[in-house]
Amino acid sequence: MIRILCAALLVTAATAAATPAFAACGSDGMPPEMFRAFVSGTQEALNEHGFKAGGVDGKMGSRTQSAIRSYQRAAKLPVDGCVSQELLDHLNFAQPKIYAPGARRP
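Scope of this entry: the structure provided in the associated data block. Only a predicted model underlies this, so the values are computations on that prediction, with no experimental measurement involved. Each chain carries its own residue numbering, running from 1 in the direction its sequence is written. For this predicted model, a pLDDT threshold of at least 70 governs which residues receive local features, and a threshold of 80 or more governs which side-chain atom pairs are given and counted, while totals over whole chains, interfaces and linings are taken from all residues. To obtain the side-chain values, all non-hydrogen atoms of the structure were included, while hydrogens and water were left out.

**With respect to the overall build of the chain**
Let me state the cut-off plainly: By the criteria applied, helices consist of DSSP H or I runs no shorter than four residues and strands consist of E runs no shorter than two, each listed in order from the N terminus. Relative accessibility under 20% of the residue-type maximum defines a buried residue, over 50% an exposed one, and the middle range a partly exposed one, all with a 1.4 Å probe and only protein chains included. For this analysis, residues touch if any pair of their heavy atoms sits within 4.5 Å. The accessible surface values rely on the Shrake-Rupley method and a 1.4 Å probe; as for residues, cover is taken only from the protein chains in view.
If you tally the helices and strands in the chain, you get four helices and zero strands. Listed N to C, the secondary structure of the chain is α-α-α-α in terms of helices and strands. Taking all 106 residues of the chain together, 30% fall into the buried category. Look at the contacts in the chain between residues 6 or more apart in sequence, and 37% of them connect residues 24 or more apart. Total accessible area on the chain is roughly 7,000 Å²; 61% of this is exposed by carbon and sulfur atoms.

Set out below in structure tokens:
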């Protein structure tokens, strides 16, 4: 019995380690088109604030996740690297605006 539990834990740990961290974010049950729109809006806002999210393609890749984490740290938000309505609202409406170090400000 213990041997079976240990094997199950090892498989679970190996699977989690092989999965990209941004895969844990999920789309919170949103339709795929809506999730892509959230990601695109987040990428655009991050790029405008000097956080290099890469091209605005609606795909949650490692550059986007890294830019989200950098923004969350700079804004003193919980750092999870996930796109959300709260993050997008913060990017668009928080005052004062948060910019990446050395970023040109409009």
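**Side note on the packing of aromatic side chains**
The criterion, for reference: Note on aromatic pairs: the rings of Phe, Tyr and Trp (six-membered ring only in Trp) are paired at centre separations within 6.5 Å, and the planes decide the class, stacked below 30 degrees, edge-to-face beyond 60, tilted for the rest.
Scanning the entire structure with this criterion turns up one aromatic pair. Ring geometry for F51 versus Y71: centroids 5.4 Å apart, planes at 85°, classification edge-to-face. One end of the pair, F51, is in the loop between helix 2 (32-48) and helix 3 (62-74); the other, Y71, is in helix 3, and 20 residues separate them in sequence.

**Some points on the nonpolar core**
Filter applied, for reference: Residues grouped as a nonpolar core are buried Ala, Val, Leu, Ile, Met, Phe, Trp, Tyr and Cys residues, joined through side-chain atoms within 4.5 Å.
Among the nonpolar cores identified, the biggest contains 20 residues, and L46, F51, I68, Y71, V83 and L91 are the most heavily contacted of them. At the level of elements, helix 2, helix 3 and helix 4 (85-93) are the ones that each hand at least two residues to this core. The dominant element in this core, judged by the number of residues it contributes, is helix 2, at five residues. Non-local contacts of L46, meaning those with residues more than four positions away in its chain, are made with F51, A53, T64, A67, I68, Y71 and L91.

**What about the packing of helix 2 against helix 4?**
For any two helices packed against each other, the geometry comes down to the angle between their axes and how far apart the axes lie. Rules: A fitted line through C-alpha atoms represents every axis, and for helices the fit uses only the stretch in contact; the resulting angles, taken between N-to-C directions, go from 0 to 180 degrees. Just so you know how the angles are binned, under 35 degrees is roughly parallel, over 145 roughly antiparallel, 65 to 115 roughly perpendicular, and the rest oblique. Crossings are sorted by hand: turned counterclockwise from the far helix by less than a right angle, the near helix makes the crossing left-handed, and turned clockwise it makes it right-handed. Under this grouping Gly is polar, as are all residues other than the nonpolar Ala, Val, Leu, Ile, Met, Phe, Trp, Tyr, Cys and Pro and the charged Asp, Glu, Lys and Arg.
In the contact formed by helix 2 and helix 4, the axes pass within 10 Å of each other and the chain directions differ by 30°. By the angle class used here, helix 2 and helix 4 are roughly parallel. The chirality of how helix 2 crosses helix 4 is left-handed. Every residue of helix 4 that contacts helix 2 at F38, G41, T42, A45 and L46 is listed here: Q85, L87, L88, L91 and N92. Looking at the contact of helix 2 with helix 4 residue by residue, the class counts come to six nonpolar, four polar and no charged.

**Regarding the layout of surface pockets**
Quick reminder of the rule: Within this scheme a cavity is a closed region of a 1 Å grid, computed over the protein atoms alone, that accommodates a 1.4 Å probe without allowing it to escape, whereas a pocket is open but has protein on both sides within 12 Å along at least five of seven lines; lining residues each have an atom within 4 Å of a point. Grid points are joined across faces, edges and corners, and a volume is the space filled by probe spheres set on the points.
Empty space within the largest pocket amounts to approximately 180 Å³. Contributing to the lining of the largest pocket are 15 residues, with Q72, D80, C82, S84 and L87 lying nearest its centre. Among the residues forming the lining of the largest pocket, the class breakdown is eight nonpolar, four polar and three charged.

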